[in-house]
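# Examining the three-dimensional arrangement
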Amino acid sequence: GNAKELIRRLPKAELHLHIEGSLEPDMVFALAARNGIDLPYASQQELMKRYDFKDLQSFLDLYYQATAVLLTEEDFFDLTWAYLKKCQADRVVHTEIFFDPQSHTSRGVPFAVVIGGIRRALHMAERELGVTSRLIMCFLRHLPAADAFATWKMAAPFLNQIDGVGLDSSERDFPPGLFREVFALARAAGLQTVAHAGEEGPPAYIREAIDLLQVARIDHGVRITEAPQLLAEVAERKIPLTVCPLSNVRLRVYDTMDTHPILALLDQGVRVMVNSDDPAYFGGYVNANYEALIDALAPTPEQLIALVKNSFLSSFLDEASKHSWL
Ligand code: ADE
Ligand code: ZN
């Protein structure tokens, strides 16, 4: 209908996208063949049968396993380029993407290979697709803070190619405060900071990410609905929540899309917007997320426009570029 047409037509920004989560089943098989890797699934269909997740961890287990096909600079280029073509198709004109270096360096893939391939695609997309970008390096929170620190050291020669640091992977029992020192180093180096919090973990983790990591944005943050006072503060301070509707339903944070709180948060003045998280696994890219919302929650055109505006307002673009899209 009209709402879906409006969304398809509007320029949008995406602020929560794991590049490894854009690895589609056909590319898993193509890269495995190119690299001579044996996969534990006989076909794309058999792989996709495993996309029936019961929680965040059941997804992460498969997500890390599939990254094993990514070995060369060309692999990281092809992965990133395929995602950027989806951006072009969805009218996503600006994207701020995450990568998980530890999931690659732990397999012996050099940091330079990972960031080289990703950066080459981002640069080419700016020229050829008109898609601008930022790159955010995430630390895996299920691994010790010492590993994050070692990753920070490894990234030192590439800091001019990294715009921010983030925190992802298994949330429960891994509070943000564990990573306060490495986040302080990143801030001192002039990088932006963000963290996943309040996806499966409690609102207290959102509090910690704000107070101890001093993040500019919270990734997910939907469990803030359980903490009205924190919600009021986040609204007042305009701290963005990068919400991912299809992800939340596929990882069973919410049973169905019609109980998703994104519009309630928007109406309470929280700076929320729509993102795809791991689109190859969760049923689609940015427009598919909007379409699912439209079908389940019937947002008004004003609400849709507010979500799209928030995507630019919450970005790390400079003020002039932000406002050129508003
Ligand atoms: N890594 C990739 N997707 C993630 C998610 N939704 N939450 C935490 N870590 C992730
Ligand atoms: Zn995420």
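Note that the coordinates shown come from a computational prediction; the quantities given were computed from them, not determined experimentally.

What counts, and at which threshold
Residues numbered from 1 in each chain as written. Chains lettered and ligands numbered in written order. Predicted model: local features only at pLDDT ≥ 70, side-chain atom pairs only at ≥ 80, totals over all residues. Buried ≥ 20, exposed ≤ 12 C-beta atoms within 10 Å, placed from the backbone. Helix = DSSP H or I, 4+ residues; strand = E, 2+ residues; numbered from the N terminus. Pairing = 2+ DSSP bridges. Right-handed = clockwise from strand over helix to strand, strands pointing away. Near = placed C-beta within 6 Å. Nonpolar A, V, L, I, M, F, W, Y, C, P; charged D, E, K, R; others polar. Axes fitted to C-alpha atoms, helices over the stretch in contact; angles between N-to-C directions. Contact = placed C-beta atoms within 7 Å. Left-handed = near helix turned anticlockwise from the far one by under 90°. UniProt positions renumbered as here; feature names shortened; annotations may be inferred.

## Some points on the pairing of strand S4 (residues 164–168)
Taking burial as the measure, the 5 residues of S4 include 5 buried ones, the bulk of the element. Side chains of S4 alternate between two faces, with Gly164, Gly166 and Asp168 and Val165 and Leu167 buried alike. Sheet topology note: the strand S3 (residues 132–140)/S4 ladder contains 5 bridges and is parallel. Among the inter-strand pairings, Phe139 is bridged to a residue of S4, identified as Leu167. Each parallel crossover has a hand, and for S3 linked through helix H8 (residues 145–155) to S4 it is right-handed.

## Here we look at the pairing of strand S6 (residues 217–220)
Judged from the 4 bridges that link them, strand S5 (residues 192–197) and S6 form a sheet pairing that is parallel. By the bridge assignment for S6, Ala195 is matched with Ile218. In the classification by handedness, the crossover that spans S5, the intervening helix H10 (residues 203–211) and the parallel S6 is right-handed. Two strands pair when backbone bridges link them, and S6 and strand S7 (residues 241–243) are joined in this way by 2 bridges, in the parallel orientation. Considered in S7, the bridge of Asp219 is made with Thr242.

## Some remarks on the site of ligand 1
Near ligand 1, the surroundings consist of His18, Gly21, Leu56, Tyr63, Asp168, Ser169, His196, Glu199, Ser247, Asp277 and Asp278. Of the residues that constitute the shell around ligand 1, the class distribution is 2 nonpolar, 5 polar and 4 charged.

## Notes on the sheet that holds S4
Spatially, 8 strands are ordered S1-S2-S3-S4-S5-S6-S7-S8 in an open sheet, and the strand pairing comes out parallel. Here the strands that pair on one side only, and so sit at the sheet edges, are strand S1 (12–18) and strand S8 (272–274). Each adjacent strand pair in this sheet contributes to an overall mean axis angle of 25 degrees, direction not counted. Docked against the sheet, helix H7 (residues 111–128) engages strand S2 (92–99) and S3, running at close to 160 degrees with respect to S3. The strands touched by H10 are S5 and S6; relative to S5, the strand with the most contacts, the crossing angle is about 170 degrees.

## Overview of the packing of helix H5 (residues 73–90) against H7
As a packed pair, H5 and H7 sit with axes 7 Å apart at the nearest point and diverge in direction by 35 degrees. H7 is crossed by H5, and the crossing has right-handed handedness. Taken together, the residues of H7 that come into contact with H5 (itself represented by Glu73, Glu74, Asp75, Phe76, Phe77, Thr80, Trp81 and Leu84) are Val113, Val114, Gly116, Gly117, Ile118, Arg120, Ala121, Leu122 and Ala125.

## A short note on the UniProt feature "site: Important for catalytic activity" (unreviewed entry) in the chain
UniProt annotation of "site: Important for catalytic activity" (unreviewed entry) refers to His220 when read in the numbering used here. Its place among the elements puts His220 in strand S6. Apart from the residues lying within four places of it in its own chain, the contact partners of His220 are His196, Ala197, Gly198, Glu199, Thr242, Val243 and Cys244.

## A look at the UniProt feature "binding site: Zn(2+)" (unreviewed entry) in the chain
Under the present numbering, the feature "binding site: Zn(2+)" (unreviewed entry) in UniProt falls on His16, His18, His196 and Asp277. Across 262 residues in sequence, these annotated residues keep their C-alpha atoms within 11.7 Å of one another, forming a single compact spot. Along the chain, His196 falls in strand S5. Note on His196: 29 C-beta atoms within 10 Å, which makes it buried. Structurally, the position occupied by Asp277 is in the loop between S8 and helix H14 (279–282). Judged by the 29 C-beta atoms lying within 10 Å of it, Asp277 is buried. Setting aside chain neighbours within four positions, we find Asp277 in contact with His16, Leu17, His18, Gly21, Cys244, Ser247 and Phe282.

## Regarding H10
Within H10, 7 of the 9 residues are buried, which leaves the element mostly enclosed by the surrounding structure. Three or more residues of H10 are buried, namely Pro203, Tyr205, Ile206, Arg207, Glu208, Ala209 and Ile210. Of the surrounding elements, those touching the buried residues of H10 are S5, S6 and helix H11 (228–236).

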